[in-house]
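Structural characterization, general
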Amino acid sequence: MTIKQLSVFLENRPGRVNEVTRVLGANGVNMHAFTVAGNADFGILHMIVSDVELAVRVLKEAHFTVKVTEVLYFTCPDTPGAMTTVLDYLVKEGVFIEYMYAFSRGETAAVVIRPTNIEKTIAIFEKYKYELVSEKSICFNLKS
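Here the structure is a predicted model, which is why all the values come from computation and not from measurement.

In this structure, strand 2 (residues 31-38) lies alongside strand 3 (residues 42-49), joined through 7 bridges in antiparallel fashion. Bridge pairing in strand 3 links Val36 to Leu45. Taken together, strand 2 and the strand that follows it, strand 3, pair antiparallel across an intervening segment of 3 residues.

Set out below in structure tokens:
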């Protein structure tokens, strides 16, 4: 079970991320999770949003370069070593993770990963009894 993530390519200059959030907010699109990575010249804003199609349309209308990719979203206990256990399973099975981002609220950590082999990673999560979160339940799962 994959979810859609937006990747927005940005010039590395003050206020650029704010421009994205302004466009999304003005159009009623909520950002459930996001991360920004970059270097001196450009950045990539990866995000999970409430309405992918609308977000893509309004960002492109505002002249942003946007790409939609498939990622996996799961939860695990927010305890020492819990993430290590998950990553050990993926390493043992030969999965490479391009990037990931996470946060915790209460007793649960929410994790978004972009593995090079999505199908294999889904099978590993099924094998080790980790539940993947669907797009429809993201908003519910992120609330405390």
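Moving on from the model shown.
As a further point, take a nonpolar patch on the surface. A surface patch of nonpolar side chains, about 250 Å² in accessible area, is lined by Val17, Phe34 and Val36. Structurally, Val17 can be placed in helix 1 (residues 16-26).

A full pass over the atoms with the stated rule returns 4 aromatic pairs. With a centroid separation of 4.8 Å and 50 degrees between ring planes, the pair formed by Phe74 and Phe125 is classed as tilted. Of the two residues, Phe74 sits in strand 4 (residues 65-77) while Phe125 sits in helix 4 (residues 118-127), which places them 51 residues apart along the sequence. Taking the relative accessible area as the measure of exposure, Phe125 reaches 2% and is therefore buried. On the numbers, 3.7 Å between centres and 10 degrees between planes, the contact of Tyr89 with Tyr128 is stacked. On the criterion of sequence distance, the pair formed by Tyr89 in helix 3 (residues 82-92) and Tyr128 in the loop between helix 4 and helix 5 (138-142) is long-range, its members being 39 residues apart.

On to the sheet that holds strand 2. What the 6 strands build is an open sheet, ordered 2-3-1-4-6-5; its pairing is antiparallel. Of all the strands in the sheet, the pair left with one neighbour each is strand 2 and strand 5 (97-105). Neighbour to neighbour, the strand axes of the sheet diverge by 30 degrees on average, direction disregarded. Relative to strand 3, strand 1 (residues 3-11) is paired through 6 bridges, and the arrangement is antiparallel. Note on strand 3: the bridge partner recorded for Leu10 is Gly43. On the sheet, helix 2 (residues 52-61) packs against strand 1, strand 3 and strand 4 and is oriented at approximately 15 degrees with respect to strand 1. Each of strand 4, strand 5 and strand 6 (108-115) touches helix 3; the most contacted strand, strand 4, lies at about 115 degrees to it.

Burial in helix 1 covers these residues: Arg16, Val20, Val23 and Leu24. Projected down its long axis, helix 1 carries its buried residues within an arc of 95 degrees, all on one side. Facing away from the buried side of helix 1 by over 90 degrees, the exposed positions are Arg22, Gly25 and Ala26. Count one or two residues on from helix 1 and you reach Gly28, which has phi positive near 75 degrees.

Before going further, it helps to examine the packing of helix 3 against helix 4. Look at helix 3 against helix 4: their axes get within 10 Å of each other, and the N-to-C directions meet at 125 degrees. Looking at the two axes, helix 3 sits oblique to helix 4. The element helix 3 and its partner helix 4 pack so that their crossing is right-handed. Across the interface between the two elements, Val86, Tyr89 and Leu90 from helix 3 touch Thr121, Ile124 and Phe125 from helix 4.

Basis of the calculations
- Residues numbered from 1 in each chain as written.
- Predicted model: local features only at pLDDT ≥ 70, side-chain atom pairs only at ≥ 80, totals over all residues.
- Heavy atoms only, no water.
- Pairing = 2+ DSSP bridges.
- Helix = DSSP H or I, 4+ residues; strand = E, 2+ residues; numbered from the N terminus.
- Patch = residues over 30% accessible without salt bridge, like charges linked within 9 Å, V, L, I, M, F, W, Y side chains within 5 Å.
- Areas by Shrake-Rupley, 256 points an atom, 1.4 Å probe, with all protein chains shown as cover.
- Salt bridge = Lys/Arg side-chain N within 4 Å of Asp/Glu carboxyl O.
- Phe/Tyr/Trp six-rings, centres within 6.5 Å; stacked < 30°, edge-to-face > 60°.
- Buried < 20%, exposed > 50% of the residue type's maximum accessible area, 1.4 Å probe, protein only.
- Axes fitted to C-alpha atoms, helices over the stretch in contact; angles between N-to-C directions.
- Contact = heavy atoms within 4.5 Å.
- Arc of directions from axis to C-beta.
- Parallel < 35°, antiparallel > 145°, perpendicular 65-115°, else oblique.
- Left-handed = near helix turned anticlockwise from the far one by under 90°.

Purely geometric stuff here, so don't read any function into it on its own.
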